[in-house]
Amino acid sequence: MLSMLADPTRLRLLAALAGGEQDVSALTTATGSARPAVSQHLGKLRLAGLVTVRRAGRRQIYAVSGPHVARLVGEVLRAAARHG
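Before going into details, it helps to say that this report is about the structure given with it. Worth saying up front: this structure is predicted, and the values here are computed from it rather than measured. (Residues numbered from 1 in each chain as written. Predicted model: local features only at pLDDT ≥ 70, side-chain atom pairs only at ≥ 80, totals over all residues. Heavy atoms only, no water.)

A short note on the nonpolar core
- Among the nonpolar cores identified, the biggest contains 18 residues, and L14, L17, L27, L42, L45 and Y62 are the most heavily contacted of them.
- For this core, the elements supplying multiple residues, two or more each, are helix 1 (2-5), helix 2 (8-18), helix 3 (24-31), helix 4 (35-47), strand 3 (59-64) and helix 5 (67-83).
- The biggest single contributor to this core is helix 2, with 5 residues.
- Residue contacts for L42: discarding those within four places in its chain leaves L13, L17, V24, L27, V51 and Y62. (Core = buried A, V, L, I, M, F, W, Y, C linked by side-chain atoms within 4.5 Å. Buried < 20%, exposed > 50% of the residue type's maximum accessible area, 1.4 Å probe, protein only. Helix = DSSP H or I, 4+ residues; strand = E, 2+ residues; numbered from the N terminus. Contact = heavy atoms within 4.5 Å.)

Set out below in structure tokens:
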């Protein structure tokens, strides 16, 4: 799980999702990453069990898989801020 958080793009995605559900377009804007890269990272996070996905019409909506993930992301971001 921590290895998934070691990638800056995945960490930014999880930080964005900790604020609530979002689709790929919103996450692309939030992270400043290319859409294919965001989709690839979301797939890895989903396989690791850190995010869930649901369909809303033609869109896929992503969310953190639980409050424990949001807390972990918060702790990682706070630790990174303290150390550099």
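Comments concerning the packing of helix 2 against helix 5
- Across the interface, helix 2 lies against helix 5 with an axial gap of 9 Å and an inter-helix angle of 125°. With respect to their mutual orientation, helix 2 and helix 5 come out oblique. Helix 5 is crossed by helix 2, and the crossing has left-handed handedness. Here L11, L14, A15 and A18 of helix 2 come into contact with helix 5, specifically with V69, A70, V73, V76 and L77.
- A breakdown of the residues in the contact of helix 2 with helix 5 according to their chemical character gives 9 nonpolar, no polar and no charged. (Axes fitted to C-alpha atoms, helices over the stretch in contact; angles between N-to-C directions. Parallel < 35°, antiparallel > 145°, perpendicular 65-115°, else oblique. Left-handed = near helix turned anticlockwise from the far one by under 90°. Nonpolar A, V, L, I, M, F, W, Y, C, P; charged D, E, K, R; others polar.)

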